[in-house]
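Understanding the architecture of this molecule
Chain residues, written in single-letter form:
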Amino acid sequence: MSLATAALAHARADRDAALARLVELVSIPSISTDPAHAPDIRRAAEWVAGRLRDAGAAGVRIDETARHPVVYGEVLVDAAAPTVLVYGHYDVQPVDPVELWDTPPFTPTVRDGRLYARGACDDKGQLMTHLEALAAWRAVGGKPPVNLKVILEGEEEIGSPNLDAWVRAHKGELGAELAVISDTAMLAPGQPSICYGLRGLAYVEIEVTGAPGDLHSGVYGGAVKNPASALAQIIAALHDDQGRVTIPGFYDAVVGLTDAERADLAAVPFDLGAFGQATGQAGGWGDPAYSIVERLGARPTLDVNGIWSGWTGPGAKTVLPAKAHAKVSMRLVPDQSPHEAAAQLAAHVQTLAPAGVSVAVRELHGGWPARVDRGMPALNAAAAALESAFGRAPHLTLEGGSVPVVALFKQELGLDTVMLGFGLPDDNLHAPNEKFSLDNYFRGIETNIHFLANLAAAAQGAAGGRA
Ligand code: BES
Ligand code: MN
Ligand code: MN
């Protein structure tokens, strides 16, 4: 029996324990945005560092940053074998509105073959598929067949403010042939996919100011511009009636899809019924020149994430608010720049501001869009691994979410990333009742074992070919 076969058999026999370990990790409320949870972030960092060590990594460290630590460890087996950089994030999103959870977010609960907990899918369950795969080789007395360098971040959900600097500072030790990240979704249960592109993000806050303080709406109303109305006017003007963004220059840097890509995307089995169910808008919305799959993966967007002003408590209060605010995000596609998009929005908003109010736009965070080389050989190893574990060949997909580290790895380390996603479209990421399919968890572990074995075999084949 080969080591890979033994590792697979071990992983299958060890499922209950693998689930128990994931339950431990998702019990830790490592909410990165909330300063009150900083000790929990630390506990989660220590937990994943410990697990990485148990799985066979050497020199596991918890590197401090200006905010939450980066956990790093290596498994170096053979200088002649390829090196794979594995990334995951151990931080999670806040749980509000907490009253909509059927079971408490940090009391992990299995129902119908799914684990319900904040972080179950995004990204603790998915990062654990890699640590469990690694542990399986060790459990059968062996080592993985390729070198691994593992980076586990605690700030992904707040825009990775310190990761760029960490990667730049450790460039010397991060040499690798490719990166692998499990932080995306499959198309449907039983239908794996490999994501070859993610959108970027530019996130801003708009503040509209009128009077120096709130005014009585009877005493002043009708004679001064209301900042809340001004903000509504500005926001309404940011799209045309076809759903296109009106910011001048917004689409200039967009690299269009090739005909071949459009044909591939048209062949992706997209579940329109599920889309209609999830959104309540069966027909979709947006630029009619693009299909819904294209709008989600290959076109940039502008969305209001939050809007507030004046009296929002119970009952009525007559007030003419001094200020109005909105949080606005733009999803970006290659080659749009997050800073450029934020600057274009800021400039355009100034031209839209009606007389009587002033407008300030502040950049909160951003990330670059990413496309990986669809011809990279590791995609074959990944596709074969998914087919072995799920019994079906994957589709290549574009996803609309953002994992800015993919572009960072390309820019700083020259690495393409294989995105092996094990989430499902209805896993409720960032929402109440987040869940992770246990079938995907266990098959994800098996996929990663196959993937490493396939990469090693391909490298040996290539070396043999040269000899
Ligand atoms: N894992 C998600 C991104 C994602 C979700 C990709 C679903 C593909 C499918 C990631 O943790 C995330 O939430 N990213 C944020 C951006 C980040 C900069 C805060 C996002 O996409 O909103
Ligand atoms: Mn994630
Ligand atoms: Mn997330």
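Residues numbered from 1 in each chain as written. Chains lettered and ligands numbered in written order. Predicted model: local features only at pLDDT ≥ 70, side-chain atom pairs only at ≥ 80, totals over all residues. Heavy atoms only, no water.

Concerning the coordination of the manganese ion (ligand 2)
Using the following cut-off: A 2.8 Å cut-off from the metal defines N, O and S donors, relaxed to 3.2 Å for Na, K and Ca; water is not in the atom list, so some sites may appear incomplete. Only four donors with every angle between 85 and 135 degrees are called tetrahedral; only four or six donors with opposite donors over 155 degrees apart and all others between 65 and 115 are called square planar or octahedral, in that order; all others are irregular. A run of H or I in DSSP counts as a helix once it spans at least four residues, and a run of E counts as a strand once it spans at least two, with each numbered from the N terminus. Three labels apply to residues, based on accessible area from a 1.4 Å probe with only protein chains included: buried if under 20% of the type maximum, exposed if over 50%, partly exposed otherwise in between.
Within the protein, the atoms that donate to the manganese ion (ligand 2) are His89 (NE2), Asp122 (OD), Asp183 (OD) and Asp183 (OD), at distances of 2.0 to 2.4 Å. Each of the six donor atoms bound to the manganese ion (ligand 2) contributes to angles spanning 57 to 167 degrees, and the resulting shape is irregular. One chain supplies every donor to the manganese ion (ligand 2), and in sequence these donors are spaced H-x32-D-x60-D. Separating the manganese ion (ligand 2) from the manganese ion (ligand 3) is a gap of 3.6 Å, bridged by Asp122, which donates to each. With Asp122 in helix α4 (residues 120-139) and Asp183 in the loop between β7 (178-181) and β8 (193-198), the pair connects residues that are 61 residues apart, well separated along the chain. Residue class for Asp183 comes out buried when judged on its relative accessible area of 10%.

Structural notes on the layout of surface pockets
Note the following rule: Cavities and pockets are defined on a 1 Å grid built over the protein atoms alone: a cavity is a set of grid points where a 1.4 Å probe fits but cannot escape, while a pocket is an open set with protein on both sides within 12 Å along at least five of seven lines, and lining residues are those with an atom within 4 Å of any such point. Grid points are joined across faces, edges and corners, and a volume is the space filled by probe spheres set on the points. Asp, Glu, Lys and Arg are counted as charged, while Ala, Val, Leu, Ile, Met, Phe, Trp, Tyr, Cys and Pro are counted as nonpolar; the rest, among them Gly, fall into the polar class.
In this model, the second largest pocket occupies a volume close to 450 Å³. Pro82, Leu455, Ala458, Ala459 and Gln460 are, among the 19 residues lining the second largest pocket, the residues nearest its centre. Contributing elements (two or more residues each) for the lining of the second largest pocket: α11 (378-390) and α13 (438-466). Residue classes in the lining of the second largest pocket are distributed as 15 nonpolar, one polar and three charged.

What about the site of ligand 1?
Inclusion rule: We call a residue near a molecule or strand whenever a single non-hydrogen atom of that residue lies within 4 Å of it. N or O atoms closer than or at 3.5 Å make up a polar contact, with two conditions inside protein: a donor-capable atom paired with an acceptor-capable one, and, for residues adjacent in sequence, both atoms drawn from side chains. Per-residue and other accessible areas were derived by the Shrake-Rupley procedure at a 1.4 Å probe size, with only the shown protein chains allowed to occlude residues.
Of all residues adjacent to ligand 1, which total 18 residues, the nearest are Glu156, Asp183, Arg331, Ser402 and His430. Residue Asp122 places a side-chain N or O atom 3.0 Å away from an oxygen atom belonging to ligand 1. Side-chain polar atom of Arg331 to an oxygen atom of ligand 1: 2.7 Å apart, as the coordinates give it. About the coverage of ligand 1: the protein hides 89% of its 520 Å² of free accessible area.

Describing helix α6 (residues 227-236)
Since there are 3.6 residues in each turn of an α-helix, residues three or four apart along the chain are aligned in direction. Basically, it comes down to this: Think of the arc as the fan of directions from the helix axis to the C-beta atoms. By the convention used here, residues are in contact when the closest approach between their heavy atoms is within 4.5 Å.
Along α6, the residues that are buried comprise Pro227, Ala230, Leu231, Ile234 and Ile235. For α6, the angular spread of the buried residues around the axis is 130 degrees, confining them to a single face. Buried positions along α6 lie against β9 (200-209), β10 (303-309), β11 (323-332), α10 (338-352) and β12 (358-367). Structurally, the start of α6 carries an N-cap: the backbone nitrogen of Ala228 is 2.7 Å from a side-chain oxygen of Asn226.

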